[in-house]
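Architecture and fold: a report
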Amino acid sequence: MTPLPLIPLLVFLFACLIAAFFIRKHTPGGNFEREYFVAGRRLGPIVLVMTTIATFGSITAFVGMPGQAWEYGFGWVYLAGAQVISLILLFGVVGKKLALIARRIHAVSIIDIINARFRSSILTLILSCSLVVFFTALIVAQLVGAAKIFVAVTHYDYSVGLTLITATTAVYTVIGGFRGVAITDTLCGIVMIVSTLFLGFGIINTGGGYENIMQTIAAQKPEMFDIFAGGQMPIGLFVTQWLILGLLVFTMPQVAVRCLSYKSTKSLRHALWIGTLIVGLLLVGLTALGALSYGVFPDLLNEHGGSVDDVIPLILTQTFPSWAVDIIILGPIAAAISTVSTLLISSSVNIIQGIYANLALRQRKAPEHDRVRFVSQASSILLSVVALIVALTPPDLIWRMSMYVFGGIEVASCWILILGLFWHRANKVGAVASLTSGLATYFLLGIFDVNIFSEFDAVIFALIVSFVFMVAGSLFFYVKRDAHMLEVFFPERAPSTTATVYEFESDAPSSDRPLTNERMDFSSSKRVEK
């Protein structure tokens, strides 16, 4: 066994570390939390898009969705198309309001915004703890997927790949913070796109062209052209997957927090159309390649064994020479480490804002900045170690595990975020009832394996229960509304129709003008002269 297969991966991981050190060196001093958790609110459109896509794209884009498409057909491609909607909802519907609120209250996380909206320490504590558990499970899935691909291509031991990838990701996340993660996410996104293009070329070239591949599929497995895969993909599966992968992605805190980090409305508008194009090319395109690959390797798993998670790694080894495989493998590994780094940052901010800060305030002590820095970085390292230990015994299907965790995160945060932002009657009683009832329903249905329409029915039922409890708790239990909260979140219902917010830096008359206090109308997002 030679070290040659490791060279491209080692170079790539080293580049991520160098980028993190460079970012750390050139990060301005001052507010640690704002710089570490939201990159000083200075991300441009390209970096914003790449870091957002890397957050929810994950390893399932390479080893989960394409494998399912290989097995069931093009119906899975239609299902994957839901991901295109996610950025439209994120940047087009909630992005600007989240950014304006965050600047008004100096928020560095979605937990900060939820705490300011509902003023409930119990809510933020339960939500933060739940999210940390979900994030840790998702980190495990990413590390397992990356390590499996590492083993399939390099033939090194699973624990070697797992340790190498985990250690590198943890180090550059702790060093670079959100800004470092965003830059390395951009690097990872570029690697993912290049790998996808090479993978597509290899599959079509090996199959003798697109037409020949389609003819082979039509002859051997015509049900692949049926959107429901000959009855194997029920309509319930489409509903749940469109919710998990499309309509509700913007409610996941690790995704929504990206809206707190962009520097201007111009960046947001550009990110909207750039991101939609890249999602279509990368995430939907990879799933389509999985379906096409059946026309090239119809007996892949029968000949080599394994599960649908192994389809892309096996195709790589069957399609390309070893030196090319060593390079293309960087795509799925980049997808995994970019998601892991984002989840580590998100977990640490939940531990800081939802757990540590709550405990400090209960003792009537303000969180110390040096302690905040230490707890943030230590929590990232600790979670990495925990995930590494758990990942040493890998689950069978990474895709199924990832979908279950995505569903849990969305059940926990969906109505709290949506109704908290857009319904002025929502209160902390309804929010706590929504969170606890939704999670209880989700876990109980999962434990007893209740499936009526598809295997992910728990998401739908939990969302319904969570919504009912949110509305009922808010309507039947009166909580006095804070005037300051109304001014920030619902200025049209506040005594004054304007609220003090922080203007986007690059929207100012001069590009180098610092953030200034202005009076801005929240409903129209246009400046109001004093």
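Residues numbered from 1 in each chain as written. Predicted model: local features only at pLDDT ≥ 70, side-chain atom pairs only at ≥ 80, totals over all residues. Heavy atoms only, no water.

Secondary structure assignment for the chain yields 23 helices and 3 strands. Per-residue burial over the chain gives 59% buried out of 530 residues. Intrachain contacts of the chain at a sequence separation of at least 6 include 83% that bridge at least 24 residues. Of the roughly 20,700 Å² that the chain leaves accessible, carbon and sulfur atoms contribute 65%. (Helix = DSSP H or I, 4+ residues; strand = E, 2+ residues; numbered from the N terminus. Buried < 20%, exposed > 50% of the residue type's maximum accessible area, 1.4 Å probe, protein only. Contact = heavy atoms within 4.5 Å. Areas by Shrake-Rupley, 256 points an atom, 1.4 Å probe, with all protein chains shown as cover.)

Nonpolar side chains collect at one region of the surface, where Tyr78, Ile227, Phe228, Ile235 and Val239 lie side by side and expose about 450 Å² of accessible area between them. Positionally, Ile235 belongs in helix α12 (residues 235–247). (Patch = residues over 30% accessible without salt bridge, like charges linked within 9 Å, V, L, I, M, F, W, Y side chains within 5 Å. Salt bridge = Lys/Arg side-chain N within 4 Å of Asp/Glu carboxyl O.)

On the secondary structure map, Gln318 appears in helix α16 (residues 311–319). Sequence-wise, Gln318 and Thr206 are 112 residues apart; in three dimensions their C-alpha atoms are separated by 9.4 Å. Among all residues touching Gln318, those that are not within four sequence positions of it are Phe297, Leu300 and His304.

Our next topic: the nonpolar core. Of all hydrophobic cores here, the largest spans 169 residues; its most connected members are Phe12, Leu98, Ile110, Ile113, Leu199, Ile337 and Phe489. Looking at this core, the element that brings in the most residues is helix α9 (residues 121–154), giving 17 residues. In this structure Ile337 touches Phe12, Leu13, Cys16, Ile165, Thr169, Tyr172 and Cys188, once residues within four positions along its chain are discounted. (Core = buried A, V, L, I, M, F, W, Y, C linked by side-chain atoms within 4.5 Å.)

With that out of the way, let us pick up the pattern of salt bridges. Here the structure, examined in full by the defined rule, presents 1 salt bridge. A salt bridge links Asp185 to Arg258, with the shortest nitrogen-to-oxygen separation between them at 4.0 Å. One end of the pair, Asp185, is in helix α10 (residues 158–206); the other, Arg258, is in the loop between α13 (253–256) and α14 (265–293), with 73 residues separating them in the sequence. What makes Asp185 buried here is its relative accessible area of 0%. Residue classification places Arg258 among the buried residues on the basis of a relative accessible area of 1%.

Residues other than glycine seldom take positive phi values, yet Arg119 does so here, at roughly 50 degrees. With respect to the helices and strands, Arg119 occurs in the loop between α8 (110–118) and α9. Of note in the backbone geometry, Ala229 takes a positive phi value of approximately 55 degrees without being a glycine. Residue placement: Ala229 occurs in the loop between α11 (210–220) and α12. Residue classification places Ala229 among the buried residues on the basis of a relative accessible area of 0%.

Looking now at the packing of aromatic side chains. Under the defined criterion, the tally for this structure stands at 9 aromatic pairs. Between Phe134 and Phe443, the ring centres sit 6.0 Å apart and the planes meet at 20 degrees, which makes this aromatic pair stacked. In this pair, Phe134 is assigned in helix α9 and Phe443 in helix α21 (residues 428–447), connecting sequence segments 309 residues apart. Residue class for Phe134 comes out buried when judged on its relative accessible area of 5%. Looking at Phe443, the relative accessible area reads 36%, which means it is partly exposed. Linked through ring pairs, Phe134, Tyr404, Tyr442 and Phe443 together constitute an aromatic cluster. In this arrangement the basic side chain of Arg103 is found over the ring face of Tyr262, its NZ or CZ atom lying 5.8 Å from the centre. Stacked on the ring of Tyr294, the Lys or Arg Lys221 has its end atom at 5.0 Å from the ring centre. (Phe/Tyr/Trp six-rings, centres within 6.5 Å; stacked < 30°, edge-to-face > 60°. Lys NZ or Arg CZ within 6 Å of the ring centre and 35° of its normal.)

Parts of the prediction with low pLDDT should not have their coordinates interpreted in detail. Per-residue pLDDT for the chain averages 82, and the proportion of residues at 70 or more is 85%. Scored below 50 in pLDDT, residues 497–530 makes 77 contacts in the model with residues more than four places away or belonging to other chains. (pLDDT = per-residue confidence, 0-100.)

Here we come to the packing of helix α3 (residues 45–57) against helix α7 (residues 83–105). Orientation of α3 relative to α7, taken along the N-to-C sense of each, is 125 degrees, at an axis distance of 12 Å. Judged on the interaxial angle alone, α7 and α3 are oblique. When you trace α3 past α7, the crossing you get is right-handed. Packed against α3, whose contacting residues are Leu48, Thr52, Ile53 and Phe56, the element α7 presents Ser86, Leu87, Leu90 and Phe91 at the interface. (Axes fitted to C-alpha atoms, helices over the stretch in contact; angles between N-to-C directions. Parallel < 35°, antiparallel > 145°, perpendicular 65-115°, else oblique. Left-handed = near helix turned anticlockwise from the far one by under 90°.)

This next bit is on the packing of helix α20 (residues 398–422) against α21. One can describe the packing of α20 onto α21 by two numbers: an axis separation of 8 Å at closest approach and a directional angle of 160 degrees. One way to sum up the angle between α20 and α21 is to call them roughly antiparallel. Crossing of α20 over α21 shows right-handed handedness. Here Met403, Tyr404, Gly407, Gly408, Val411, Ala412, Trp415 and Ile416 of α20 come into contact with α21, specifically with Ala431, Ser434, Leu435, Gly438, Leu439, Tyr442, Phe443 and Gly446. Split by residue class, the contact of α20 with α21 holds 11 nonpolar, 5 polar and no charged. (Nonpolar A, V, L, I, M, F, W, Y, C, P; charged D, E, K, R; others polar.)

Structurally, Thr276 is set in helix α14. In the structure, Thr276 is positioned 191 residues away from Ile85 in sequence and 7.8 Å away in space, judged by C-alpha atoms. The residues touching Thr276, leaving out its near neighbours within four places in the chain, are Val84, Leu87 and Ile88.

Along the chain, Ser195 turns up in helix α10. Accessibility expressed as a relative area gives 4% for Ser195, which makes it buried. Engagement of the side chain of Ser195 in a polar contact is seen with the backbone oxygen of Ile328, the distance being 3.2 Å. Excluding residues that lie within four positions of it along the chain, Ser195 makes contacts with Ile327, Ile328, Leu330 and Gly331. (Polar contact = N/O pair within 3.5 Å; in protein donor to acceptor, adjacent residues only side chain to side chain.)

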